[in-house]
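In case you want the letters, here they are:
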Amino acid sequence: MKHFFSISDVTDLKGIVAEAIDLKKNIAQFSELGKGKTIGLIFFNSSLRTRLSTQKAALNFGMSVIVMNVGSDGWKLEMQDGAIMNGDAAEHIKDAARVMGAYCDIIAVRSFAELKNRDKDYAEEVLKSFMKYAGVPVINLESSTLHPLQSLADLITIEEYKKVKRPKVVLTWAPHPKALPQAVPNSFAQWMKNADVDFVIACPKGYELAPEFMEGVALTHNQDEAFEGADFIYAKNWSSYQMYGQIVSTDPAWTVSAEKMALTNNAKFMHCLPVRRNVVVTDEVLDADYSIIIPEAKNRVTSAQVVLKRILENL
Ligand code: AN0
Ligand code: CP
C-alpha cells in the first residue's frame, strides 16, 4: 500500500479485515517492523481517538512519532497554486508538506471540511496537496469527505460481532446542535457498500449524501422501518449535502432510544464517537449491553495497525 486516502487504496476488503484481526493477536511479532522510521501526525482539527490510536499503533511497530497541531501551532497555510502570498498565510502547503516529508517516512493528516464551499471541500485539496508534495506515503486521519480509518475499524467491529453471515446494517442520521461534516457517513457508506452486508441509510429528507456515495444504496426517510430486522445500528449526525453544510432538521424523534432499538433484531449499537449524549442517542442505549462503542473505538488501533503494516512493508 502506498497512500491510505480512501477505500480505493484497498484491493482486498475481506483480506484486510482478516489481516487486521489476525494482527491483533500477533502484534508482538512486529515490534521491530517500524524501527528507525518516523511517522508525523498532523492535525488541523481536534481529535482524541485518531490521535491516540494511530500513535499507539505506530509505537507497537517501534516507530518514532511526531505530533503537530498545525491548526493551532503552525503557520497559516496557503493552499492555492500560484497565489501572491500578501495575505494572512505565511507558508505555502507545497513547502510545508515537502519539509514534513523530509522529516518523516509516513505522514498522517486530519483536515476537516470547512462546510462553506462544497466544491472546495469535495476537491480534497489539503490531503491531495500532501500526497502530491510530501514525497512519502500519506494516511487520511479524516479529510473533508472521508474517514477511512474509522470505516475500516467499523467493518472489523461488525465482522467480530455479527451473528449471521450477511447482517443488516443501518446507518441512521441523528440530531446534533452543530453542523458536522459528511466524512464519516460518506466513508461508512463506501465501505459497507463493498462489504458482505445489507446496508440501509435512514435520514430525514434533505440529508441524502452526495450521489457518488448514495449510488446503489437503499435509502429510507422512515427510521422505524429501517430499524426493523437490523443487526447493527450505526448512528451519526451530518449536515446537509444539498443545502451544503446546513442543519435542515433537529427533530428529536430521530434520537436513537431504547424504544427504537427494541424494533431491531437485537441489534448492536455503534457510533464513531465523540457523541452528544441524550441528543444523538440516549444514555440508556450508550450504556446498554448491546452498545459496542468501546470495542469499536478500541478497533481504531486495529485499523491503524493493519494500514501501517501494509505501508511499512512497502516502504
Ligand atoms: C467529527 C465529524 O463529525 O466529522 C469527527 C468525528 C470522528 N465530529 C465532531 O466534530 C463532533
Ligand atoms: N472517531 C474519531 O475519529 O474520533 P476523534 O475525532 O476523537 O479522533
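Along each chain, numbering runs from 1 in the same order as the chain's sequence is written. The lettering of chains begins at A and the numbering of ligands begins at 1, in the order of writing. Given that the model is predicted, a residue must reach a pLDDT of at least 70 before its local features are reported, and side-chain atom pairs must reach 80 or more before they are shown or counted; all residues, however, enter totals for whole chains, interfaces and linings. Excluded from the side-chain calculations are hydrogens and water; all other atoms, namely the structure's heavy atoms, are used.

Student: Any chance you could explain the sheet that holds strand β8 (residues 198-202) here in plain terms?
Tutor: Think of a sheet as strands paired side by side through backbone hydrogen bonds, with each pair either parallel or antiparallel. Should DSSP find at least two bridges between two strands, the strands are regarded as paired. Helical segments are the DSSP runs of H or I of at least four residues, strand segments are the runs of E of at least two, and each set is numbered from the N terminus. Taking strand neighbours across the sheet as the criterion, the five strands line up as β9-β8-β7-β10-β11 in an open arrangement whose pairing is parallel. The open sheet is flanked by β9 (218-220) and β11 (268-270), the only strands paired with a single partner. Within the sheet, the average angular offset between the axes of one strand and its neighbour, ignoring direction, is 20 degrees. With three bridges joining them, β8 and β9 adopt parallel strand pairing. From the neighbouring strand, A202 faces β9, where its bridge partner is T220. Inter-axis angles, ranging from 0 to 180 degrees, are taken between N-to-C directions of lines fitted to C-alpha atoms, where helices are fitted over the stretch in contact.

Student: Could you clarify how one ought to interpret the packing of helix α1 (residues 13-26) against helix α13 (residues 293-313) in this entry?
Tutor: Two elements in contact, α1 and α13, have axes whose closest approach is 9 Å; the angle formed by their N-to-C orientations is 110 degrees. Judged by the angle between their axes, α1 and α13 are roughly perpendicular. Contacts from G15, I16, E19, A20, L23 and K24 in α1 reach N299, T302, Q305, V306, K309 and R310 in α13. Each residue gets one of three labels, nonpolar for Ala, Val, Leu, Ile, Met, Phe, Trp, Tyr, Cys and Pro, charged for Asp, Glu, Lys and Arg, and polar for the others, Gly among them. Taken together, the residues of the contact of α1 with α13 sort by class into four nonpolar, four polar and four charged. Here roughly perpendicular refers to angles of 65 to 115 degrees, roughly parallel to angles under 35, roughly antiparallel to angles over 145, and oblique to all remaining angles. Only heavy atoms enter the contact rule, under which two residues are in contact if any of them lie within 4.5 Å.

Student: I keep staring at the pattern of salt bridges and nothing clicks. Help me out?
Tutor: Side chains bearing opposite charge may pair, as long as their charged atoms lie close to each other. Basic side-chain nitrogens of Lys or Arg form a salt bridge, by our definition, when they fall within 4 Å of a carboxyl oxygen of Asp or Glu. Applying the stated criterion across every chain, the model contains 19 salt bridges. Here E125 ties to K120 by a salt bridge, and the two come within 3.6 Å at their closest N and O atoms. Throughout this description, buried means an accessible area under 20% of the type-specific maximum (1.4 Å probe, protein chains only), exposed means over 50%, and partly exposed covers the range between. Here E125 falls in the partly exposed class, since its relative accessible area comes to 26%. Between R277 and D287 there is a salt bridge whose closest N-O contact spans 2.9 Å. With R277 in the loop between β11 and α12 (283-286) and D287 in the loop between α12 and α13, the pair connects residues that are ten residues apart, well separated along the chain. Connected through salt bridges with shared partners, the residues D12, E19, K309, R310 and E313 form a single ionic network.

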